[in-house]
2 protein chains.
Amino acid sequence: MKISTIGEFGLINRIARKPNDKSIIVGIGDDAAVVKIGKKYVVCTTDTLIEGDHFSLEYYSPEQVGMKAIEVNVSDIGSMGAVPKYALISLALRKGMDVAFVERLYKGMRSAAGKYGIEIIGGNTAHANQIVIHVDLIGFLEIKKLKLRSMAKPGDFILVSGDLGGSAAGLNLLKNNIPGHAKTKKRHLEPKAKFHKVRPFLRYINAMQDISDGLASEITHVCSQSKVGALLFADNVPIKEETRQAALVVKKDALLYALYGGEDFELIYTVSEKNLNKVRGYLIGEITSKKDIMMYRNGKNIPLRKRGYDHFA
Amino acid sequence: MKISTIGEFGLINRIARKPNDKSIIVGIGDDAAVVKIGKKYVVCTTDTLIEGDHFSLEYYSPEQVGMKAIEVNVSDIGSMGAVPKYALISLALRKGMDVAFVERLYKGMRSAAGKYGIEIIGGNTAHANQIVIHVDLIGFLEIKKLKLRSMAKPGDFILVSGDLGGSAAGLNLLKNNIPGHAKTKKRHLEPKAKFHKVRPFLRYINAMQDISDGLASEITHVCSQSKVGALLFADNVPIKEETRQAALVVKKDALLYALYGGEDFELIYTVSEKNLNKVRGYLIGEITSKKDIMMYRNGKNIPLRKRGYDHFA
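Bear in mind the structure is a predicted one, so any value in this text is a computation, not a measurement.

Parameters at a glance
- Residues numbered from 1 in each chain as written.
- Chains lettered and ligands numbered in written order.
- Predicted model: local features only at pLDDT ≥ 70, side-chain atom pairs only at ≥ 80, totals over all residues.
- Helix = DSSP H or I, 4+ residues; strand = E, 2+ residues; numbered from the N terminus.
- Rg over C-alpha atoms; globule rule 2.2 N^0.38 Å.
- Contact = placed C-beta atoms within 7 Å.
- Buried ≥ 20, exposed ≤ 12 C-beta atoms within 10 Å, placed from the backbone.
- Pairing = 2+ DSSP bridges.
- Axes fitted to C-alpha atoms, helices over the stretch in contact; angles between N-to-C directions.
- Expected span 1.5 Å × (residues − 1).
- Domains from an automatic or database assignment.
- Nonpolar A, V, L, I, M, F, W, Y, C, P; charged D, E, K, R; others polar.
- Left-handed = near helix turned anticlockwise from the far one by under 90°.
- pLDDT = per-residue confidence, 0-100.
- Parallel < 35°, antiparallel > 145°, perpendicular 65-115°, else oblique.

Caption draft 1: Region of interest: the overall build of chain A. If you tally the helices and strands in chain A, you get nine helices and 13 strands. Against the compact-globule benchmark of 20 Å for 313 residues, chain A has a radius of gyration of 19 Å, which places it among compact chains. Viewed in the frame of its principal axes, chain A has a C-alpha envelope of about 55 × 55 × 45 Å. Summarising the internal contacts of chain A: among those between residues at least 6 apart in sequence, 82% fall at separations of at least 24.

Caption draft 2: Structural context of the environment of B:Val74. All names here are of chain B. Looking at the secondary structure, you find valine 74 in helix 2 (residues 62-78). For valine 74, a count of 28 C-beta atoms within 10 Å gives the class buried. Apart from residues lying up to four places away in sequence, valine 74 is in contact with Pro84, Tyr116, Leu137, Ala193 and Phe195.

Caption draft 3: Quick peek at helix 5 (residues 182-189) of chain A. Among all positions of helix 5 of chain A, only A:Thr184, A:Lys185, A:Arg187, A:His188 and A:Leu189 are buried. Contacts from the buried residues of helix 5 of chain A go to helix 2 (62-78), helix 4 (166-175) and helix 8 (241-249) of chain A.

Caption draft 4: Broad picture of the sheet that holds strand 2 (residues 33-37) of chain B. Residue and element names in this part refer to chain B. Taken together, six strands build an open sheet; the order of strands is 1-2-3-6-4-5 and the sheet is mixed. For this open sheet the edge positions go to strand 1 (24-26) and strand 5 (119-127), each flanked by a neighbour on one side alone. With direction set aside, neighbouring strand axes in the sheet form an average angle of 25°. Across nine bridges, strand 3 (residues 40-50) lies against strand 6 (residues 132-141) in antiparallel orientation. Counted as the bridge partner of threonine 48 is histidine 134 from strand 6. Running over the sheet, helix 2 touches strand 3, strand 4 (82-93) and strand 6 and is turned about 145° from strand 3.

Caption draft 5: Focus on helix 2 of chain A. Here helix 2 of chain A is 17 residues long and its end C-alpha atoms lie 24 Å apart, about the 24 Å a rise of 1.5 Å per residue gives. Of all 17 residues in helix 2 of chain A, 17 are buried, a share of seventy percent or more.

Caption draft 6: Looking closely at the domain arrangement of chain A. Residue and element names in this part refer to chain A. Taken domain by domain, chain A holds domain 1 (3-141) and domain 2 (149-303). When each unit is reduced to the centre of its C-alpha atoms, the spacing between domain 1 and domain 2 is 22 Å. Opposite the 15 residues of domain 1 that make contact, domain 2 presents 15 residues. Counted by class, the side of domain 1 that touches domain 2 contains five nonpolar, five polar and five charged residues.

Caption draft 7: How the structure looks around the sheet that holds strand 8 (residues 208-210) of chain A. Residues and elements named next belong to chain A. Read from one edge of the open sheet, seven strands run 8-10-7-11-9-12-13, paired in mixed fashion. Two strands close off the open sheet at either side, each with one partner strand: strand 8 and strand 13 (300-303). When the angles between neighbouring strand axes are averaged without regard to direction, this sheet yields 25°. In the sheet, strand 8 pairs with strand 10 (residues 267-271) via three bridges, with the strands oriented antiparallel.

Caption draft 8: Local environment of the pairing of strand 11 (residues 282-288) of chain A. All names here are of chain A. Across four bridges, strand 7 (residues 157-160) lies against strand 11 in antiparallel orientation. Bridging across to strand 11, leucine 159 finds its partner in leucine 283. In this sheet, strand 11 lies alongside strand 9 (residues 229-233) in antiparallel orientation, the contact comprising four bridges. Paired with leucine 231 across the two strands is glutamate 286, which belongs to strand 11.

Caption draft 9: Quick look at the pairing of strand 10 (residues 267-271) of chain B. All names here are of chain B. Counting buried residues along strand 10, five of its five residues qualify, which places the element largely inside the surrounding structure. Judged by which residues are buried, strand 10 turns out to be covered on both faces: Leu267, Tyr269 and Val271 on one side and Ile268 and Thr270 on the other are all buried. Examined bridge by bridge, strand 7 (residues 157-160) and strand 10 share four bridges and lie antiparallel to one another. Its bridge partner lying in strand 10, leucine 159 is registered against tyrosine 269.

Caption draft 10: Main features of the packing of helix 4 (residues 166-175) of chain B against helix 8 (residues 241-249) of chain B. Residues and elements named next belong to chain B. Axis separation between helix 4 and helix 8 bottoms out at 9 Å; the angle between their running directions is 35°. Here helix 4 runs over helix 8; the crossing is left-handed. From helix 4, Gly166, Ala169 and Leu173 reach across to helix 8, where they touch Thr243, Ala246 and Ala247. Its residues placed into classes, the contact of helix 4 with helix 8 shows four nonpolar, two polar and no charged.

Caption draft 11: The confidence of the model for chain A, seen in detail. All names here are of chain A. Averaged over every residue, the pLDDT of chain A is 89; residues scoring 70 or more account for 91%. Counting interchain partners and residues more than four positions distant, the pLDDT-below-50 stretch residues 1-10 has 23 contacts. Confidence drops under pLDDT 50 across residues 308-313; counting only partners more than four residues distant or on other chains, this segment forms 23 contacts. ipTM for the predicted complex: 0.80, alongside a pTM of 0.85.

Caption draft 12: Local environment of the packing of helix 4 of chain A against helix 5 of chain A. Residues and elements named next belong to chain A. At a minimum axis distance of 7 Å, the contact between helix 4 and helix 5 shows a crossing angle of 105°. By the angle between their directions, the pair helix 4 and helix 5 is classed as roughly perpendicular. Within the contact between the two elements, helix 4 uses Gly166, Ser167, Ala169, Gly170, Leu171, Leu173 and Leu174 and helix 5 uses Thr184, Lys185, Lys186, Arg187, His188 and Leu189. Broken down by class, the residue content of the contact of helix 4 with helix 5 amounts to five nonpolar, five polar and three charged.

Caption draft 13: Representation of unusual backbone geometry. Residues and elements named next belong to chain B. Positive phi outside glycine occurs at lysine 227, with the angle close to 55°. Summarising the element assignment, lysine 227 is placed in the loop between helix 7 (215-226) and strand 9 (229-233). In this structure, asparagine 298 takes a positive phi of about 50° despite not being glycine. Following the sequence through the fold, asparagine 298 ends up in the loop between strand 12 (293-297) and strand 13 (300-303).

Caption draft 14: Focus on the environment of A:Gly180. Residues and elements named next belong to chain A. In this fold, glycine 180 is placed in the loop between helix 4 and helix 5. Looking at glycine 180, the number of C-beta atoms within 10 Å reads 11, which means it is exposed. Linking glycine 180 and glycine 27, residues 153 residues apart in sequence, is a C-alpha distance of 44 Å.

Caption draft 15: Looking closely at the environment of A:Ile138. All names here are of chain A. Structurally, the position occupied by isoleucine 138 is in strand 6 (residues 132-141). Among the residues examined, isoleucine 138 registers 29 C-beta atoms within 10 Å and is labelled buried. Isoleucine 138 sits 93 residues away from threonine 45 along the chain, and the two C-alpha atoms are 6.6 Å apart.

Dropping the structure here:
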């Protein structure tokens, strides 16, 4: 089997083994791993930005690449209900690159890290044909209950923390050299982790995950790991007017951006009916005991395909 | 300034900042970072193997690449006096690669990880033009005293845990397509962390570092961070007969392999005169208060140049 034919998630599952160690609370398969060290729950995540795949210096300033590298990892830590603390930064750089690039990249990293009180404690450098920026982030759980993908229950409502599709809309504008739409382009170039939005009501959330690969992909992960299904209401998916306008310019459907675009870094979470009045967010559907993932649109229920942004698709 | 003109170490120092957080015991600049979590000292390191730079599939089997990825990180954790525990693995793979490659790579990783009781707890995959294997390793300090590069004292003896130059000799045989010399080639293809050699007498060691970039480079790090100098005795540098033979074949000086070859992953450590009878290893020199780094060879002291294996050299 060729790697191009299997999804990232499938690959990880193929190579994963059940851990032997009881201090490993969450191993491979969620947004981050969790280990118990003494009395603390330590959350570790790692993410790689590769030039040409995750960013292009045609659109991004070095500072923006640096900020993005930190924000995507903060988002992974936040989606477990944890707070980031320490970062290790590994860079692979092209030979002959100017040191000013590295300094600007680090300026972006430090500015994003500073927002969250993250300390950069180590890392290394190497060279490669493409720029590879690898961030490891270590954080701590503040409350006892982890927010895992596997914790959704039938009857839960599904919420998202903010509007979707903005990042994909921005990327499409950039790729097509469309002038204007600065605000929407910025949503792609300067994504922000959104954990602060759910932090005040964290304890009322059952399952949670960040939307890095698109709503359809993320709800599929939540459902498959929780062994449930879902019904989403297409008209309830929050999409900003500026995102719709940007989609129109390149003749795309803004809903597809929300479902399959990714990199919005909003959070998707499930909440029991009892706790619904204690949380905020956009209610977009409900968890069902029937395992299908359906979407209600134009008066009928249709199966929601998983196809999201997938590195090996 | 172009990146090609500055060393890896210089680059890291340029971008490093003094940490604000008192729980950061060791930040950027040593083999690994150390943070205090509760009562535990947690040691974190990260290392990247890049195809064409750190390995070539012309010589290496996928299993060997996997083993090496783990061993180099174990070596970094061990050189702080710590024991590895959890790993995160991030892979960037070329499109169209066979999944069998990944499975063989993981087989190698698991076999090396298993030796040390390391659990693989997470990671991610992406694609790139070159294979990039990124390992994060988290370990714990067993005794209270960290072994840092900065802890060498004038009058200390300098020891190494085993013979040097074998890996570089093997690489040169492989690069020049020399047949035979299987044992020496294996020293390049299957490097092993050597922490077990020093673990029994860890508490008698002052400064320690692993030899990943060559003896000359490592002693320079130890001296500059400890604000001391060193005198090495060339004839005391342990070099195996098979390494000397392999060097002869390609008309190289085996001592240069030991000094500048790197990837031996033996440990270099300093010990006070009082504790010398409590440790093992090859005594190769002494720490001096005068800050020069000298080598005694053929009846005279000559300055030892730092030039080691350097990614940006």
